[in-house]
Amino acid sequence: MPLYNKKYDIIVVGAGHAGCEAALAGARMGCSVLLLAIDLDKVAAMPCSPSIGGMAKGQLVKEIDALGGEMAKITDKSAIQYRTLNTKKGPAVHSSRTQNDKIRYHMAMKAVLEQQTGIDLKQALVDKIVLAGDKVAGVTDQTGFSFQAGAVVLATGTFLSGLVHIGSNSFKAGRAGEFAAYGLPVQLRDLGFALGRMKTGTPPRLNKNSIDFSRFSIQEADQNPTPFSFSTQKIPLPQMPSYIGRTNEKSIKIVQDNLKFSPLYSGVIKGVPARYCPSFEDKVVRFPERDGHQVILEHEGIDTNEIYASGLGNSLPLEIQIEFVRSVEGLEEAEIMRPAYAIEYDYVNPIQLQPTLETKKISGLFMAGQINGTSGYEEAGAQGLWAGINAACKIQKRERFILDRSQAYMGVMVDDLVTRGTREPYRMFTSRAEYRLMLREDNADLRLVEAGYGLGLMSHDMARDVKERKKQIENEIKRIKGIIIKPDKKTNHYLVHCGSQPIRSGVYLDQLLKRSGLGYETVEHLTENSGRPSPEVARQVEIEIKYEGYIKKQFKEIEKFRTMEKVKIPRRFEYNGVQGLSNELKEKLSSIQPASLGQASRIDGMTPAAISVLMIALKVYGR
C-alpha cells in the first residue's frame, strides 16, 4: 500500500463548512493538518442557499467568531445583503442573516486555508479509515494511497452514499455534478456504527434576465448593517435587494397533479426530510388549505445572472419544474439555469459520539456536520470548530473542550445530538436553548473570547479588549444604579415626550431605564457623564438593566443545572445492576454513557424518580 512519507497530527476529510473550521482550528492550535477535498474548486461551497445566519443560526456564527473560527469573517467579505431578524422582539432572539456571493465566499475561505501555516490542502476521495486496533491511524483514498495521522475528523456533508433525484432519474452524487463516497459508509457499518438515511434538497436557479422583477415586492438590505465578525471594521461589497412573491392555485394544482412523479411521494426516496425546510411537494401535501406560498428571489452573487428561488424547491421532472416555475406571477418567461433536486445521504446516529464529538468506538475518530444528522452551514461550522479543537486537544494531551448548555448555543446543539440523537435533520432554534436570554448574539464575544484565547485561537489584544469592556459595563451599571432622578420640569417633560409617565418623587435611574420605550439615550439625557461609553457597552448596559429580573432568574436556573452537571458518572458505569431503573432506561443509559447526572436527566424517557435512583446508585458506587 503506497504511503505518504509525511505523518500529520490531524486529517480532516471534507472541506465544507465543518471541514474548513476543523482544519483551521487544529492548525491554529499548533497541529499539522491535512485537509482532503473531493474537489478543490468546491471548498466551502454553498450548494443550497448562498446565505449565512438566520434565527438561532446567527448566534452560532457569532459564537464561532468569538472562539476564533473563520465563518463570520468570510461572511463579511462576501455578504451582499445584511438583515437582522426578530427586531420587534427581545434581544434574546435577535438574529443576523446575510445573503452571500457564493463564489467570493468559496474563494475567500480557500485563500485563508492555503495561507494558514500548518495546513496541507489536497484533492482526494477518501475510501477508508486506517485503524491500529481500536485507534485511528490515517485514511486511504480511492486510488489506494494512504496518509497517516493521530486523529481524523470526518466532515463528509451529503457525500456518504449520496443519491440525487430529479423526477424518476436518480444518480450517484454528493451534490449535483460531484462524486459521492460509497466505500467509507460501508466500512463504518462494518465497524459497528449505526447509520441512517436523510434527505435534503435545493430549489432551481433562474436567469435574472428572464424574470419580471416588477411583479415582486422589493426587500432592501438593512441601512446600517452590523458585521457578523467582531473584528470586521468595514463591509466591502455593495448591498443588493431580494424580491418577494407568491405561488398561486395554478402552481399548487400543477404539483398536485404530478405528485406521482415526485420521488418523495412515489416511494423512491427513503431518507427523512427536514420538517422545517419542506420542499414544495411537502407544502402542498401538508398544508392543503393554503392557496399559495411565499417565494423569495435572491442574488447568488454580484457577477452572475443566477437567482436563487427560495420556496420553489422540489424534485419533480425538469419539464414539470419549468411549468411549475412559470406559473408564478413574474416568472412566466423564467429560464431555469440549474434544476431543483433532492439528495439522499447516509449519516451516523450522533448518540455514538462523546461530548467532544469523538466516536465512542474508535479512539481519535471525530465527526462533524451533516454526518451527525444536522442541517445548515452554521451548525456544520460550529461542529467543525468543536471537533477540530478537541482533535488538537487529544493530540496535545490537553483537557478536552466542552461548553455546556448555559454557555453557548453550540453547547446546546452538541448536547442535544450526543444525548438524544436525531432521526431527522437537526436544525438550531432559539427555543432549543433554555438560557437564551444569556446566550445572545450581542454578547457572544463577552461569553467566549476568553475560552478562545485560552485555546490559542484568539489574539491577546482581543482578549484584553473584551476584559476591558466587561469592566466598563460593570462600572456603568453600578454608576446608573447609584443615581437618583428628581421630578423636575425638564425631566418630566422628557419622559412625557418619550411616551412615559412623569415621576412625582425621586427614582433611581435604573428603574426608569426598565420602562418600556426608554433606552440608554435616557441615561445620556438625564445625567452628565463626560466618559460616554461605546455603543457596544451602552447596548449591554441597557439589556442588563432592562432584563435584570429575568437574568437573575436564569442565573438561578443555571446554578441548579450546574449542580447536576457536577455529579460525574464514571465511564463504563454498569447500569444493568441499578435496581429501580426500567430496562428501557438501562438500555439507553448504557448506549449513551452520559458524562454527568445532568446529561442523564436529558435522555428521552428519564423521570425524576429514575434520576433519584441513579443518584443513590452513584453515591453507593463512590464509597
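Residues numbered from 1 in each chain as written. Predicted model: local features only at pLDDT ≥ 70, side-chain atom pairs only at ≥ 80, totals over all residues. Heavy atoms only, no water.

### Remarks on the pattern of salt bridges
Applying the stated criterion across every chain yields a total of 42 salt bridges. When the shortest N-O distance is used, the salt bridge between Arg-197 and Asp-346 registers 2.9 Å. Of this pair, Arg-197 sits in strand β12 (residues 195–202) while Asp-346 sits in strand β19 (residues 341–348); the two residues are 149 residues apart in sequence, bridging distant segments of the chain. The class of Asp-346 is buried, set by a relative accessible area of 3%. A single salt-bridge network, built from bridges that share partners, covers Arg-405, Asp-415, Asp-416, Arg-420, Glu-434, Glu-565, Arg-602 and Asp-604. (Salt bridge = Lys/Arg side-chain N within 4 Å of Asp/Glu carboxyl O. Helix = DSSP H or I, 4+ residues; strand = E, 2+ residues; numbered from the N terminus. Buried < 20%, exposed > 50% of the residue type's maximum accessible area, 1.4 Å probe, protein only.)

### What about the packing of aromatic side chains?
Tallied over the entire structure, the rule returns 11 aromatic pairs. Taking 6.4 Å as the distance between ring centres and 10 degrees as the angle between the ring planes, the aromatic pair formed by Tyr-4 and Tyr-8 counts as stacked. For Tyr-8, a relative accessible area of 2% corresponds to the buried category. One aromatic cluster in this structure is built from Tyr-4, Tyr-8, Phe-145 and Phe-147. If you follow Lys-172 out to its NZ or CZ, it ends over the ring of Tyr-182, 4.7 Å from the centre. Positioned above the aromatic ring of Tyr-426 is the side chain of Arg-432, whose terminal nitrogen or guanidinium carbon lies 4.2 Å from the ring centre. (Phe/Tyr/Trp six-rings, centres within 6.5 Å; stacked < 30°, edge-to-face > 60°. Lys NZ or Arg CZ within 6 Å of the ring centre and 35° of its normal.)

### Points about the sheet that holds strand β16 (residues 294–299)
The antiparallel open sheet is built from six strands, whose spatial order is β14-β15-β16-β17-β13-β18. For this open sheet the edge positions go to β14 (217–219) and β18 (336–338), each flanked by a neighbour on one side alone. In this sheet, adjacent strand axes meet at a mean angle of 35 degrees when their direction is disregarded. Of the strand pairs in this sheet, strand β13 (residues 205–207) and β18 are connected by two bridges, and their pairing is antiparallel. Following the sheet pairing, Leu-206 is matched in β18 by Ile-336. (Pairing = 2+ DSSP bridges. Axes fitted to C-alpha atoms, helices over the stretch in contact; angles between N-to-C directions.)

### Considering unusual backbone geometry
A positive phi angle is found at Lys-397, which is not glycine, with a value near 55 degrees. Counting through the fold element by element, Lys-397 comes out in the loop between α9 (377–395) and α10 (409–420). Phi at Gln-593 takes a positive value of approximately 50 degrees, unusual for a residue other than glycine. Take Gln-593: it is sitting in the loop between α18 (583–592) and α19 (597–601). The exposure class assigned to Gln-593 is partly exposed, which follows from its relative accessible area of 26%.

### A look at the nonpolar core
Considering soluble globular proteins, one finds that nonpolar side chains tend to be buried as a cluster. By size, the foremost hydrophobic cluster in this structure holds 123 residues, and its most contacted members are Ile-11, Leu-154, Leu-188 and Met-410. Per-element tally for this core: the top contributor is α9, with 10 residues. (Core = buried A, V, L, I, M, F, W, Y, C linked by side-chain atoms within 4.5 Å.)

### Let's talk about α18
Turning to α18, its buried residues number three or more, namely Leu-585, Lys-586, Leu-589 and Ile-592. Burial along α18 is one-sided: seen end-on, the buried residues are contained in an arc of 145 degrees. Summarising the geometry of α18, the exposed residues directed more than 90 degrees from the buried face are Asn-583, Glu-584 and Glu-587. Summarising the contacts, the buried residues of α18 are in contact with α10, α19 and α20 (608–621). Backbone geometry just downstream of α18 places Gln-593 in the positive-phi region, at approximately 50 degrees. (Arc of directions from axis to C-beta. Contact = heavy atoms within 4.5 Å.)

### Looking at the layout of surface pockets
The volume enclosed by the second largest pocket comes to roughly 800 Å³. If you go around the second largest pocket, you meet 29 residues; those closest to its centre are Lys-62, Thr-226, Phe-230, Asp-442 and Glu-536. Elements with a minimum of two residues in the lining of the second largest pocket: α12 (460–481) and α16 (535–546). At seven residues, α16 tops the list of elements feeding residues into the lining of the second largest pocket. For the lining of the second largest pocket, a count of residues per class yields eight nonpolar, 11 polar and 10 charged. (1 Å grid on protein atoms, 1.4 Å probe; cavity = no way out; pocket = protein on both sides within 12 Å on 5 of 7 lines; lining within 4 Å. Points joined across faces, edges and corners; volume = space filled by probe spheres on them. Nonpolar A, V, L, I, M, F, W, Y, C, P; charged D, E, K, R; others polar.)

### Describing empty space enclosed by the protein
Any empty space left between the atoms is revealed when a probe the size of a water molecule rolls over them. Scanning the model with the defined rule gives one cavity of 30 Å³ or more in all. In this structure, the largest cavity encloses a volume near 30 Å³. Considering the residues around the largest cavity, the lining is formed by Ile-80, Gln-81, Gln-99, Met-240, Pro-241, Ser-242, Glu-298 and His-299. Partitioning the lining of the largest cavity into residue classes produces three nonpolar, four polar and one charged.

### Considering the pairing of strand β17 (residues 306–310)
The side chains of a regular strand alternate between both faces of the sheet. Within β17, four of the five residues are buried, which leaves it mostly tucked inside the rest of the structure. Pairing of β16 with β17, which is carried by four bridges, proceeds in the antiparallel orientation. Bridge assignment links His-299 to a residue of β17, and that residue is Ile-307. What sits between the antiparallel neighbours β16 and β17 is a turn of six residues.

### Details of the pairing of strand β2 (residues 33–37)
A large share of β2 lies buried, amounting to five of its five residues. Here β2 shows a buried face lined by Val-33, Leu-35 and Ala-37 and a second buried face lined by Leu-34 and Leu-36. As paired elements, strand β1 (residues 3–13) and β2 share four bridges and run parallel to each other. Paired with Ile-10 across the bridge in β2 is Val-33.

### Examining the sheet that holds β12
Taken together, the four strands give an open sheet; going across it, the order is β11-β10-β19-β12, and neighbouring strands pair in antiparallel fashion. Since the sheet does not close on itself, it has two edges, and those belong to β11 (169–172) and β12, each with one partner. Strand-to-strand, the axes of this sheet are offset by a mean angle of 25 degrees, without reference to chain direction.

### Topic: a positive patch on the surface
Together, Arg-400, Lys-568, Arg-571 and Arg-572 make up a positively charged patch on the protein surface. Along the chain, Arg-571 turns up in the loop between α17 (548–565) and α18. Take Arg-571: its relative accessible area is 54%, and that puts it in the exposed class. (Patch = residues over 30% accessible without salt bridge, like charges linked within 9 Å, V, L, I, M, F, W, Y side chains within 5 Å. Areas by Shrake-Rupley, 256 points an atom, 1.4 Å probe, with all protein chains shown as cover. Lys, Arg positive; Asp, Glu negative; His and termini not counted. Charge placed at Lys NZ, Arg CZ, Asp CG, Glu CD.)

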